[in-house]
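# Chain and residue survey
The lines below spell out each chain.
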Amino acid sequence: MDTDQEYTKFRERLSYICTTYRDRDAITYMLDSGGKKNYSFADVERKVHSWETAFPGFGLLRGDRAAIISPASPKVIIAMLALAQAGITAVMIDAALPAEEINRLLAFSDVRAVFTVDDLFRQLSATEKQGIPVFDLDSCDENLSLFPQSGRTVRRGETEDRAADVIAVIYSSETVSTMKGIMVTYQSLVMSQKRFVDLTAIRAKMRYLLTLPLNHISGYSSTMIFLLTGCSIGMIENINSSKLQSGLLAYNPHCFGMVPKVYDIIRDKIKSAVHEKGRVVEKGFFSVLK
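Quantities reported herein were computed from a predicted structural model and do not represent experimental measurements. (Residues numbered from 1 in each chain as written. Predicted model: local features only at pLDDT ≥ 70, side-chain atom pairs only at ≥ 80, totals over all residues. Heavy atoms only, no water.)

This part is about the packing of aromatic side chains. Per the stated rule, a full pass over the model turns up ten aromatic pairs. Pairing Tyr7 with Tyr186 gives two aromatic rings, centres 5.4 Å apart and planes at 85°, and the pair type is edge-to-face. With Tyr7 in helix H1 (residues 3-20) and Tyr186 in helix H7 (residues 186-199), the pair connects residues that are 179 residues apart, well separated along the chain. Across this residue pair, the class does not change: Tyr7 and Tyr186 are buried. For the ring pair Trp51 and Phe115, a centre distance of 6.3 Å and an interplane angle of 10° mean the geometry is stacked. (Phe/Tyr/Trp six-rings, centres within 6.5 Å; stacked < 30°, edge-to-face > 60°. Helix = DSSP H or I, 4+ residues; strand = E, 2+ residues; numbered from the N terminus. Buried < 20%, exposed > 50% of the residue type's maximum accessible area, 1.4 Å probe, protein only.)

Here it is as structure tokens:
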């Protein structure tokens, strides 16, 4: 497999989408205040380019790994795309993990930078805070912003860059007790996007509501796939089950993802509501679904 070719395909696809749909919303962020913030594809492209071109100034090179530890937000997606563009592997770590587990995963992954927010920065060990650049996602906008107490640049023994192969490492315990890293390659992501479009009715200009965490393989991959298709991503600030219904009504997505447990709950509620309408309605409704 030619890793450079797959990496180039990703860059070309993202550039094509951002250019073709530059005036359309790439991300709609529904805020707790009741307002919303929109990022066009042109906004996304501009910010991604700005962050990507700044990485070498902090000592970050192609083939490095950088951790993202944060609740889901548009800036997390910008960081994911900027790292991917630069050929730097994003290490996606669950922000809800205990501090000792986060620090263990950072040390184990040998990351050269961290993207996080203030509350989580305080939980990082002194070694991580001072030894590598730690970017403050809340302060990053057009330009990258470091926490004052973080390292200024990467310390390394070698300076040559390496081929880009793995676009992300997703840490997940799934149904077992041992944390494991799932490696997502540029090749698998590009191929998945093409096959997804070939096998489904999803097309550019459709709306996808992101309900899955970005540190989960489904949340990370679906976000990338929908963006690379030209779809708009809807996000709910500090999402929880009570906000989902209002988010669905406000965003009116063509589709959204969910974990099996949530699907079962929604399915049972639908069945119960249809059952209350009477046997004729119930029979007609479920015959349509067959």
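Here Lys243 is to be found in helix H9 (residues 241-251). Of the polar contacts made by the side chain of Lys243, one reaches the side chain of Asp32; its length is 2.6 Å. Polar side-chain contacts of Lys243 include one of 3.0 Å to the backbone oxygen of Glu237. Each residue touching Lys243, except ones within four places of it in the same chain, is listed here: Asp32, Ile236, Glu237 and Asn238. (Polar contact = N/O pair within 3.5 Å; in protein donor to acceptor, adjacent residues only side chain to side chain. Contact = heavy atoms within 4.5 Å.)

Here we come to the nonpolar core. Judged by nonpolar contacts, the single largest core of 84 residues is most densely connected at Phe10, Trp51, Phe55, Ile69, Ile93, Phe115 and Ile167. The element that contributes the greatest number of residues to this core is helix H3 (residues 74-86), accounting for ten residues. Look past the residues within four positions of Phe115 in its chain and what remains in contact with it is Trp51, Phe55, Ala66, Ala67, Ile68, Ile69, Ala79, Leu83, Phe135, Leu137 and Leu144. Counting residues in each nonpolar core, the second largest holds five residues, with Met30, Leu209, Ile236 and Leu244 among its members. (Core = buried A, V, L, I, M, F, W, Y, C linked by side-chain atoms within 4.5 Å.)

One open sheet holds the five strands; their spatial order is E2-E1-E10-E9-E11, and the pairing between them is mixed. The open sheet is flanked by strand E2 (36-40) and strand E11 (255-256), the only strands paired with a single partner. Looking at chain direction, strand E9 (residues 207-209) and E11 are connected through two bridges and run parallel. Bridge assignment links Leu209 to a residue of E11, and that residue is Phe256. Seen against the sheet, helix H2 (residues 41-54) touches strand E1 (25-30) and E2 and runs at an angle of roughly 75° to E2. Across the face of the sheet, helix H8 (residues 217-229) comes into contact with E1, E9, strand E10 (232-236) and E11 while running at roughly 140° to E10. (Pairing = 2+ DSSP bridges. Axes fitted to C-alpha atoms, helices over the stretch in contact; angles between N-to-C directions.)

This brings us to unusual backbone geometry. Here Lys205, not a glycine, exhibits a phi torsion of approximately 80°, which is positive. Structurally, Lys205 can be placed in the loop between H7 and E9. By relative accessible area, which is 51% here, Lys205 ends up exposed.

Okay, the pairing of E1 next. The buried count for E1 comes to five of six residues, which makes it a mostly enclosed element. Pairing geometry for E1 and E2, over five bridges, is antiparallel. Residue pairing for E2: Asp25 is matched across the bridge by Ser40. What sits between E1 and E2 in their antiparallel hairpin is a turn of five residues, with Gly34 showing a positive phi close to 105°. The pairing of E1 with E10 spans four bridges and is classified as parallel. Paired with Met30 across the two strands is Ile236, which belongs to E10.

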